[in-house]
Amino acid sequence: MAGEKQSSAERILSVDALRGFDMFWIVGGVGVVHSLIEVFWNPLPPWLEYQFHHVDWQGFSAWDLIMPLFLFVVGVSMPFSFAKRLEQGENKRLIYRHVVRRVIILWVLGMIAQGNLLQYDFSKLHFYSNTLQSIASGYLVGSIALIELGRRGRIVLTGVLLLGYWALMALVPVPGHGSGVLEPQANLALYIDQTLMGRFRADNTYSWILSSMTFAATVLLGIMGGELLRSKLPPYRKVAWLTAAGAAGLGLGQVWGVEFPIIKHLWTSSMVLYAAGWSFLMLALFYLVIDVWGFRKWTLFFIVIGMNAIAVYMAVEV
């Protein structure tokens, strides 16, 4: 209800609903919506058809937002879950134990979902190749930042990760290609993956090891959104700040994208900011409609999926 104080342990329904909304597209919603629109508008205009497909390399579509939004919402949830553990009397050691256990579980589930672990064929194993493992990386860094750093320290860390990733990709030469190369088969992030993972790397143009820096930045930006929701600001002030953060993310991402292109496969810093911009705006909208205005009846389906997101994701993938 608007104006009421929320305990740090209380669930904000809009967060679960937004997570469930994101999962809806992953579990097949994109095909359903695409088909329904075609009933009334066929063929779809190119600009709309574009939104239902991943961009081959440079650029960004609505479908490209699914994975960044997933990581962002993980970050949004973290201030609430960590506050709950502190209220229950858990100390730093117990919280770290929970973090390590969750990272290991997410990593193994990622290897099951996309790493061919259940084929029991060592030659086909992909060590780092799945969304759940990117979440594990971002969650680990975000957890340490929540435990050890204050709000200002987390903001600085986010900036360091984004700028550091850009500097490495722009300045460190790739053998045989030079520095600043951002081609699908020639870039520093891909070279590091190929060098360190070798035959245990999935054969595609997505990067993972170096991109863990920007996976973490996405989660940290989500944490900032979660801290804003937990704050004592009036509800409409929260909506205003989330909206402003969204607009800033979109603007900064596009501006930086001129120099450091928006490329989801590499999880570039400009992509992080641009995707976070849309994520902040969606969080603002869901919070306004569900938690401030109280329109909740339509959310049950999404909330159920959102509260069981990992189980739903694994069911679809496996």
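Chains are numbered independently. Their residues run from 1 in the order of the written sequence. Only residues with pLDDT of 70 or above have their local features reported here, since the model is predicted, and side-chain atom pairs are shown and tallied only from 80 upward, although totals for entire chains, interfaces and linings are computed over all residues. Only hydrogens and water are set aside; all other atoms, that is, all heavy atoms of the structure, feed into the side-chain values.

## Considerations on the layout of surface pockets
Using protein atoms alone on a 1 Å grid, points that fit a 1.4 Å probe yet trap it form a cavity, whereas open point sets bounded by protein on both sides within 12 Å along at least five of seven lines form a pocket; residues with an atom within 4 Å of a point count as lining. Grid points are joined across faces, edges and corners, and a volume is the space filled by probe spheres set on the points. Empty space within the second largest pocket amounts to approximately 610 Å³. Surrounding the second largest pocket, 20 residues form its lining, Ile 155, Met 224, Trp 241, Ala 245 and Phe 280 being those nearest its centre. The helix and strand labels rest on DSSP assignments: H or I over at least four residues marks a helix, E over at least two residues marks a strand, and numbering proceeds from the N terminus. Per element, the largest residue contribution to the lining of the second largest pocket is seven residues, and it comes from helix α9 (residues 235-259). Three residue categories are used. Nonpolar comprises Ala, Val, Leu, Ile, Met, Phe, Trp, Tyr, Cys and Pro, charged comprises Asp, Glu, Lys and Arg, and polar comprises the others, including Gly. Among the residues making up the lining of the second largest pocket, the classes are represented as 14 nonpolar, four polar and two charged.

## Quick look at the pattern of salt bridges
Any carboxyl oxygen of Asp or Glu that lies within 4 Å of a side-chain nitrogen of Lys or Arg is treated as forming a salt bridge with it. Summed over all chains, the structure comprises six salt bridges. Across the salt bridge formed by Lys 92 and Glu 148, the nearest N and O atoms sit 3.5 Å from each other. One end of the pair, Lys 92, is in helix α4 (residues 92-114); the other, Glu 148, is in helix α5 (residues 131-148), and 56 residues separate them in sequence. For Glu 148, a relative accessible area of 41% puts it in the partly exposed group. With a closest N to O distance of 4.0 Å, Glu 227 and Arg 151 form a salt bridge. Here Arg 151 lies in helix α6 (residues 151-171) and Glu 227 lies in helix α8 (residues 212-230), a separation of 76 residues in the sequence. The class for Arg 151 is exposed, based on a relative accessible area of 55%. Buried means the residue's accessible area, taken with a 1.4 Å probe over protein chains only, is under 20% of the maximum for its type, while exposed means over 50%, and partly exposed covers the values in between.

## Looking at the nonpolar core
By nonpolar core we mean a set of buried residues, namely Ala, Val, Leu, Ile, Met, Phe, Trp, Tyr and Cys, connected to one another through side-chain atoms within 4.5 Å. Counting residues in each nonpolar core, the largest one holds 92 residues, and the members touching the most others are Phe 72, Met 78, Met 169, Leu 229, Leu 266 and Leu 283. Counting residues per element, this core draws most heavily on helix α10 (residues 269-292), which supplies 15 residues.

## Details of unusual backbone geometry
Between Asn 42 and the following residue, Pro 43, the backbone shows a cis peptide bond with an omega angle of 0 degrees. In this structure, Pro 43 sits in the loop between α1 (13-40) and α2 (46-50). Positioned with a positive phi, Trp 267 is a non-glycine residue whose angle comes to about 50 degrees. Counting through the fold element by element, Trp 267 comes out in the loop between α9 and α10.

## A short note on empty space enclosed by the protein
By the definition in use, this model includes one cavity of 30 Å³ or more. Lining the largest cavity are Met 67, Tyr 206, Ser 207, Trp 208, Phe 215, Lys 264, His 265 and Trp 267. Of the residues in the lining of the largest cavity, the class split is five nonpolar, two polar and one charged.

## With respect to α8
Between its first and last C-alpha atoms α8 spans 27 Å; for 19 residues at 1.5 Å apiece the expected length is 27 Å, and the two agree. With 16 of its 19 residues buried, α8 lies for the most part within the structure. For a helix, the expected span equals 1.5 Å multiplied by the number of residues minus one.

## Regarding a nonpolar patch on the surface
Like-charged residues are merged into a patch within 9 Å and nonpolar side chains (Val, Leu, Ile, Met, Phe, Trp, Tyr) within 5 Å, provided each residue has over 30% relative accessible area and no salt bridge. Working definition of accessibility: Shrake-Rupley area with a 1.4 Å probe, residue cover restricted to the visible protein chains. On the surface, Val 39, Phe 40, Trp 41 and Trp 47 cluster together into a nonpolar patch covering about 560 Å² of accessible area. Here Phe 40 is to be found in helix α1. For Phe 40, a relative accessible area of 76% puts it in the exposed group.

## Brief notes about the side chain of Asn 130
Mapping Asn 130 onto the fold places it in the loop between α4 and α5. Take Asn 130: its relative accessible area is 0%, and that puts it in the buried class. In what follows, residue pairs with any heavy atoms lying within 4.5 Å of each other are defined as contacts. Apart from the residues within four sequence positions on either side, Asn 130 is in contact with Gly 110, Ala 113, Gln 114, Trp 208 and Tyr 313.

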